[in-house]
Amino acid sequence: MEKGFVHVYTGNGKGKTTSALGLALRAVGAGKKVYLGQFMKSGKYHEIKAIGQHLPMITVEQYGNGCLICDRTPQADDYAAAGTGLTKAKAALLKGGYDIVILDEINVAAHLGLIREQDTLGLIDAKPPSVELILTGRYATLAIINKADLVTEMTEVKHYYAVGVLARDGIER
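Procedures and definitions
- Residues numbered from 1 in each chain as written.
- Predicted model: local features only at pLDDT ≥ 70, side-chain atom pairs only at ≥ 80, totals over all residues.
- Heavy atoms only, no water.
- Phe/Tyr/Trp six-rings, centres within 6.5 Å; stacked < 30°, edge-to-face > 60°.
- Helix = DSSP H or I, 4+ residues; strand = E, 2+ residues; numbered from the N terminus.
- Buried < 20%, exposed > 50% of the residue type's maximum accessible area, 1.4 Å probe, protein only.
- Lys NZ or Arg CZ within 6 Å of the ring centre and 35° of its normal.
- Patch = residues over 30% accessible without salt bridge, like charges linked within 9 Å, V, L, I, M, F, W, Y side chains within 5 Å.
- Areas by Shrake-Rupley, 256 points an atom, 1.4 Å probe, with all protein chains shown as cover.
- Salt bridge = Lys/Arg side-chain N within 4 Å of Asp/Glu carboxyl O.
- Core = buried A, V, L, I, M, F, W, Y, C linked by side-chain atoms within 4.5 Å.
- Contact = heavy atoms within 4.5 Å.

> Let's hear about the packing of aromatic side chains: which residues, and what values?
Applying the stated criterion across every chain yields a total of two aromatic pairs. Taken together, a centroid distance of 5.3 Å and an interplanar angle of 55 degrees make the contact between Tyr-35 and Tyr-98 tilted. Of this pair, Tyr-35 sits in strand β2 (residues 34-39) while Tyr-98 sits in the loop between α4 (76-95) and β4 (100-104), and the two are 63 residues apart along the sequence. In this structure Tyr-35 comes out as buried when scored by relative accessible area, which is 2%. Between Phe-39 and Tyr-63, the aromatic rings sit 4.8 Å apart at their centres with planes inclined by 75 degrees, giving edge-to-face as the arrangement. With Phe-39 in strand β2 and Tyr-63 in strand β3 (residues 58-63), this pair connects stretches of sequence that are 24 residues apart. Tyr-63 shares its class with Phe-39; the two are buried. Over the ring of Tyr-98 we find Lys-33, and its NZ or CZ is 4.7 Å from the ring centre. Sitting above the plane of the Tyr-45 ring, Lys-41 keeps its charged end 5.7 Å from the centroid.

Pasting the structure below:
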């Protein structure tokens with residue numbers, strides 16, 4: 001690509017990671033190389049299993065210790081994982097040879113204080129001109145939104161979670 005842009009997928013509605021994964025699938029179909037770094041996540045979610053089994057042109061790294069946003073407050077190992085993730089994300093962005101770099105849940109990591117907003121802004125500033133950078137997660141700050149080229153806010157209008165339906169395999173995880 002001659003010019004890569006910065007996307008932000010944010011908001012309280014469902015679909016931020018799913019949108020980023022859809023973009024990754026489209027990119028792979030066009031012969032592009034994709035890096036997916038997931039902050040605060042670990043484990044084999046079904047999309048990670050599918051990527052591992054069928055899409056070797058997508059590199060996945062997870063920087064987390066379980067589902068931090070689900071049920072607990074950050075611990076020292078969460079801060080360490082996010083710091084490692086930030087280092088790996090920067091390496092992927094600057095010298096990884098990737099056309100697309102997706103940093104999933106980076107906005108939430110900054111919101112929780114696992115990384116600084118300035119770290120995310122620094123990644124945007126350091127982005128090579130030809131790389132497309134996608135930042136996902138609720139709580140994107142105004143500074144990040146202002147630096148982005150494309151911002152989509154997912155708005156929850158109605159969700160079955162409100163009536164007790166938990167995350168389902170193959171749909172939400």
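> How would you summarise a nonpolar patch on the surface if you had to cite specific residues and measurements?
A cluster of nonpolar side chains, namely Tyr-160, Val-163, Val-165 and Ile-171, defines an oily patch on the protein surface of about 350 Å² accessible area. Secondary-structure assignment places Tyr-160 in the segment after β6 (150-153). Here Tyr-160 falls in the partly exposed class, since its relative accessible area comes to 32%.

> Could you give an account of the nonpolar core, naming the residues involved and the relevant values?
Among the nonpolar cores identified, the biggest contains 29 residues, and Phe-39, Val-101, Leu-103, Ile-115, Leu-133 and Leu-135 are the most heavily contacted of them. Elements that contribute at least two residues to this core include exactly β1 (6-10), β2, α4, β4, α5 (106-111), α6 (117-126) and β5 (132-136). At five residues, α4 tops the list of elements feeding residues into this core. In contact with Ile-115, not counting residues within four places along its chain, are Phe-39, Ala-82, Leu-86, Ile-106, Ala-109, Ala-110 and Thr-120. Counting residues in hydrophobic clusters, the runner-up holds 16 residues, among them Leu-23, Ala-24, Ile-58 and Ile-100.

Function cannot be read off these values alone, since they describe shape.
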